[in-house]
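Each chain, written out:
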Amino acid sequence: MSLHPLDVRDTINGTCSLSYVVQTQTANDQEGTARTSFWIGVILSIVADAIVAVSLNVQKTAHMRNEGPDGKPKKSYWRIPLWWLGLLLNMGGEVGNMIAYG
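Every value quoted in this text rests on a predicted model; they were computed, and no experiment measured them. (Residues numbered from 1 in each chain as written. Predicted model: local features only at pLDDT ≥ 70, side-chain atom pairs only at ≥ 80, totals over all residues. Heavy atoms only, no water.)

K.L.:
Looking at this structure, how should I read the overall build of the protein chain?
P.N.:
When its secondary structure is counted, the protein chain shows 2 helices and 2 strands. Reading the helices (α) and strands (β) of the protein chain from amino to carboxyl end gives β-β-α-α. Classification of the 102 residues of the protein chain by burial places 20% in the buried group. Partitioning the intrachain contacts of the protein chain with sequence separation of at least 6 by distance along the chain shows that 47% fall at a separation of at least 24. Working note: accessible area of the protein chain is about 8,000 Å², and carbon and sulfur atoms make up 65% of it. (Helix = DSSP H or I, 4+ residues; strand = E, 2+ residues; numbered from the N terminus. Buried < 20%, exposed > 50% of the residue type's maximum accessible area, 1.4 Å probe, protein only. Contact = heavy atoms within 4.5 Å. Areas by Shrake-Rupley, 256 points an atom, 1.4 Å probe, with all protein chains shown as cover.)

K.L.:
Would you take a moment to explain the confidence of the model for the protein chain for this structure?
P.N.:
When pLDDT drops low, the exact placement of atoms in the prediction is not to be read closely. Looking at the protein chain as a whole, its pLDDT mean stands at 84, while 74% of the residues score no less than 70. Confidence scores differ between elements of the protein chain, with strand β1 (residues 9-10) showing the lowest mean pLDDT of 54 and helix α2 (residues 81-101) the highest of 97. (pLDDT = per-residue confidence, 0-100.)

K.L.:
Help me understand the packing of aromatic side chains in this model?
P.N.:
Across all of its chains, the model carries 6 aromatic pairs by this definition. Both rings, one in Tyr 77 and one in Trp 78, keep their centres 5.5 Å apart while their planes meet at 25°; by these two values the pair is stacked. (Phe/Tyr/Trp six-rings, centres within 6.5 Å; stacked < 30°, edge-to-face > 60°.)

K.L.:
Mind showing me how you'd approach the pattern of salt bridges here?
P.N.:
All told, the structure shown has 1 salt bridge when counted by the stated rule. For Glu 31, the salt bridge identified is with Arg 35, shortest N-O distance 2.7 Å. In this pair, Glu 31 and Arg 35 are both assigned in helix α1 (residues 19-65), 4 residues apart and thus about one turn of the helix distant. (Salt bridge = Lys/Arg side-chain N within 4 Å of Asp/Glu carboxyl O.)

K.L.:
For this particular structure, what's the right way to read the side chain of Asn 97?
P.N.:
Topologically, Asn 97 is positioned in helix α2. Residue Asn 97 is classed as buried on the basis of its relative accessible area, which comes to 7%. Among all residues touching Asn 97, those that are not within four sequence positions of it are Ser 45, Ala 48, Asp 49 and Val 52.

K.L.:
Explain the side chain of Ser 45 here, please?
P.N.:
Mapping Ser 45 onto the fold places it in helix α1. Contacts of Ser 45, omitting those with residues within four sequence positions, involve Asn 97, Ala 100 and Tyr 101.

Next up, the structure:
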């Protein structure tokens, strides 16, 4: 007598058991969950990297707009809302990267 994936009889002890079927389903569920987690991490990493790139461009724009005719800043970058937006975007992107890589 051969065992089939849905055959739950234990031929050695003559008892009934559901362990074979349950173990097969658990292994498949774990593999599917790992695959899903991998792709979520990849997508999150790509999105986070895009946010970081945008944030650096926002900060650069803030610095360029703040540059005076003599090449010196008109005011402190701490007082420029666009610079703060870039900083917050950078922080959010880096947190996203940390979550994706963890």
